[in-house]
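Spelled out, the chains give:
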Amino acid sequence: MSTSPGDRYTHPLPGRYVSREMERVFAPGFRFGTWRRLWLALAEAQRDLGLDIPPEAIRQMRDRLDDIDLEAAAGYERRFRHDVMAHIHAFGDVAPAARGILHLGATSAFVGDNTDLIQHHEAMTLVRDRLVATVRALTRFAREHRGRPTLAYTHFQPAQPTTVGKRATLWIQDFLLDLEEIEHRLASLRLRGVRGTTGTQASFLQLFGGDHDKVDALERAVCRRLGFRGAYPVTGQTYPRKVDQAFLATLAGVAASASKMAHDIRLLSHLRELEEPFESEQVGSSAMPYKRNPMRSERICAVARHVIALAADPAHTAATQWLERTLDDSANKRFAIPDAYMATDALLILAGNVASGLRVNTGVVASNLRLHLPFMVMESVMMEAAAGGGDRQEAHERIRRHTLEAARRMTEGEEGDLFARIAADESLGVSAEALEEMARPEKLVGRAPEQVDEFLRGHVERILARYGDTTQHTGEVRV
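Thresholds applied
- Residues numbered from 1 in each chain as written.
- Predicted model: local features only at pLDDT ≥ 70, side-chain atom pairs only at ≥ 80, totals over all residues.
- Heavy atoms only, no water.
- Helix = DSSP H or I, 4+ residues; strand = E, 2+ residues; numbered from the N terminus.
- Rg over C-alpha atoms; globule rule 2.2 N^0.38 Å.
- Buried < 20%, exposed > 50% of the residue type's maximum accessible area, 1.4 Å probe, protein only.
- Pairing = 2+ DSSP bridges.
- pLDDT = per-residue confidence, 0-100.
- Contact = heavy atoms within 4.5 Å.
- Phe/Tyr/Trp six-rings, centres within 6.5 Å; stacked < 30°, edge-to-face > 60°.
- Expected span 1.5 Å × (residues − 1).
- Polar contact = N/O pair within 3.5 Å; in protein donor to acceptor, adjacent residues only side chain to side chain.
- Axes fitted to C-alpha atoms, helices over the stretch in contact; angles between N-to-C directions.
- Parallel < 35°, antiparallel > 145°, perpendicular 65-115°, else oblique.
- Salt bridge = Lys/Arg side-chain N within 4 Å of Asp/Glu carboxyl O.
- Core = buried A, V, L, I, M, F, W, Y, C linked by side-chain atoms within 4.5 Å.
- Nonpolar A, V, L, I, M, F, W, Y, C, P; charged D, E, K, R; others polar.
- Arc of directions from axis to C-beta.

### Observations regarding the overall build of the chain
Point 1. When helices and strands are counted, the chain shows 20 helices and 4 strands.
Point 2. The C-alpha atoms of the chain give a radius of gyration of 31 Å, which is well past the 23 Å a tight globule of 479 residues would have.
Point 3. In terms of overall dimensions, the chain has a C-alpha envelope of 100 × 55 × 40 Å along the principal axes.
Point 4. Across the 479 residues in the chain, those meeting the buried criterion constitute 49%.

### Regarding the pairing of strand β2 (residues 157-163)
On a regular strand, each side chain points to the face opposite its neighbour's, so the side chains alternate between the two faces of the sheet.
Point 1. Relative to β2, strand β1 (residues 149-154) runs antiparallel, the two being bridged by 5 bridges. Looking at β2, one finds that Thr154 is bridged to Gln157.
Point 2. Between β1 and β2, which pair antiparallel and follow one another directly, the connecting turn spans 2 residues, one of which, His155, has a positive phi of 60°.

### Quick look at the confidence of the model for the chain
Should the pLDDT be low somewhere, the predicted coordinates at that spot are not to be read in detail.
Point 1. On average, the chain scores 91 in pLDDT, and the residues at 70 or more come to 95%.
Point 2. Across the chain, helix α8 (residues 164-188) holds the top mean pLDDT of 98, while helix α16 (residues 378-387) sits lowest at 80.
Point 3. Contacts from residues 285-291, a stretch scored under 50 in pLDDT, to residues over four places away or in other chains number 3 contacts.

### Quick look at the packing of aromatic side chains
Point 1. All chains considered together, the criterion is met by 6 aromatic pairs.
Point 2. Plain terms: the ring middles of Tyr76 and Phe80 are 5.8 Å apart, the flat faces sit at 10° to each other, and that makes the pair stacked. Note that Tyr76 and Phe80 are positioned in helix α5 (residues 70-80) at a spacing of 4 residues, about one turn of the helix.
Point 3. Phe80 gets classed as partly exposed once you look at its relative accessible area, which sits at 29%.

### Quick notes on the environment of Arg20
Point 1. If you trace the backbone, Arg20 turns up in helix α2 (residues 20-25).
Point 2. When the C-alpha positions of Arg20 and Met342 are compared, they lie 9.9 Å apart, and in sequence the two are 322 residues distant.

### Quick word on helix α7 (residues 108-144)
A turn of α-helix holds 3.6 residues, and therefore any two residues three or four places apart point the same way.
Point 1. The terminal C-alpha atoms of α7, which comprises 37 residues, lie 54 Å apart, in line with the 54 Å expected from a rise of 1.5 Å per residue.
Point 2. Burial runs high along α7: 31 of the 37 residues are buried.

### Describing the environment of Thr115
Point 1. Along the chain, Thr115 turns up in helix α7.
Point 2. Since its relative accessible area comes to 0%, Thr115 is described here as buried.
Point 3. The contacts of Thr115, once residues within four sequence positions are left out, are Arg31, Thr34, Trp35 and Leu38.
Point 4. A polar contact of 2.7 Å, which involves the side chain of Thr115, links it to the backbone oxygen of Val111.

### A look at the packing of helix α3 (residues 28-48) against helix α6 (residues 83-94)
Point 1. Two elements in contact, α3 and α6, have axes whose closest approach is 11 Å; the angle formed by their N-to-C orientations is 70°. With respect to α6, the element α3 is oriented roughly perpendicular. For the pair α3 and α6, the contacting residues are Phe32, Trp35, Arg36 and Trp39 in the first and Asp83, Val84, His87, Ile88, Ala90, Phe91 and Val94 in the second.

### Notes on the pattern of salt bridges
Point 1. If you walk through the whole model with that rule in mind, you get 40 salt bridges.
Point 2. With a shortest N-O distance of 2.7 Å, Glu461 and Arg143 are connected by a salt bridge. On the criterion of sequence distance, the pair formed by Glu461 in helix α20 (residues 448-467) and Arg143 in helix α7 is long-range, its members being 318 residues apart.
Point 3. A relative accessible area of 35% places Glu461 in the partly exposed class.
Point 4. Residue class for Arg143 comes out partly exposed when judged on its relative accessible area of 40%.
Point 5. Here the residues in one salt-bridge network are Glu405, Arg408, Arg409, Glu412, Glu414, Asp417 and Arg421, joined through shared partners.

### Digging into the nonpolar core
Grouped burial of nonpolar side chains is what soluble globular proteins tend to show.
Point 1. Core analysis: the largest hydrophobic core is formed by 75 residues, its most contacted members being Met22, Ile172 and Tyr341.
Point 2. Of all the secondary-structure elements, those providing two or more residues to this core are α2, α7, α8, α11 (242-270), α12 (295-310), α14 (330-357) and α20.
Point 3. If you tally residues by element for this core, the top one is α7, at 13 residues.
Point 4. Those residues in contact with Tyr341, other than ones at most four positions away along the chain, are Met22, Phe26, His120, Ala123, Met124, Val127, Phe247 and Leu251.
Point 5. Among the nonpolar cores identified, the runner-up in size contains 35 residues, and Leu40, Ala43, Ile53 and Leu102 belong to it.

### Points about the packing of α12 against helix α13 (residues 312-319)
In a packed pair of helices, the relevant descriptors are the angle between the two axes and the axis-to-axis distance.
Point 1. Running from N to C, α12 and α13 cross one another at 5°; their axes reach a closest spacing of 5 Å. One element, α12, and the other, α13, form an angle in the roughly parallel class. In this structure, α12 uses Ile308, Ala309 and Leu310 to contact α13, whose residues at the interface are Ala312, Asp313 and Pro314.
Point 2. Of the residues contributing to the contact of α12 with α13, the split by class is 5 nonpolar, no polar and 1 charged.

### Quick look at helix α4 (residues 55-63)
Point 1. Listed in full, the buried residues belonging to α4 are Ala57, Ile58, Gln60 and Met61. Down the axis, α4 shows its buried residues gathered within 170° of arc, on one side only.
Point 2. Contacts from the buried residues of α4 go to α3 and α6.

Here's what the structure looks like:
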């Protein structure tokens, strides 16, 4: 039966959303090229420590690191049913002088697990840089709108006013907590090292004639050549699967922060207070031409949900590893970990794009706030009445009745008349002019503008300065 390209499933992450930079980290070229670099590092370190490794073997390995015939390797794997052995033979084909010393003393986890850890480092570094770029965009937005009063909500019900910039600092702070976690993960990441079949280094001890110091030196040399400070102190056959669990939990944290921001933007879009970028030819609905759906924010929420769900996979794997290792982690790792990174990359590209192009509809913001302001100054009215010699409890009851009646009118589509009712109530002794003065929005936002300034100056700017220019990490929204 003949097939066409249209008959093959295409994964939507690389097909629609993920950046080329992140896709490269999990592509065959990077993975198998890293395997070869590990074999080269092992052979060079073994030679330096006295093993008989021919110079020509080293030269050929170095020259053919990226000469990878994936079809030939696939042919070997069909024969051997073993991916590492397939690539050992494929590498030996292009570096024949090294055929006899490739993988000397090692087990499959030497290339497989160490490569996984290198991919963690490369992918998480890219996530970090995209996160910083998003924070930088949100910082500009928060600074611009530091003092713009807006209605705040609790339970999505009107509460005391805040400012547009202050609300953005809540998003930024979530991302900075994620950044702290990412920095910790990267700083504590180590290689699996040179450990042999069950982590005892028995094969390497045999190669070096029982010289424990040379085995330790071999591991240090391999780690150094790969750019790592060291290896995990002890392992079974694999590195601790807690590492995968911790790294994907960190990605889930980033996803939760981005989703929270995107949900807020979706709610504010419904209120028409905020709009995400909308291109000149973008279509909001096939049936309703007037629609301007917040599709980028919706996509952030959707992709974030996938990342959060994927965090459970390595947790289950870490919880069910048998003794020195079992093989039921391999198939799961092949899709759970790349998917989590690629999905996080996709949602951060979107988050950075949205943060860079947020538009505040200032007239709507002011109108929505003005509609609810009269209710927000009633505590001040009660205090004024009491200060003028009135009975606090009586004032409370009269104000309660006025507010309920004004709210009833509003629910029936009539204009709110709370200020008129209060001013007409002589027992409260508050004039219409005094009420208008109490209801000035800038007097009701507390220290919100100052909090924005202090937060950006005292926390955010210092972190952004540490990372320098991150504009190259904003990414492109592909679909």
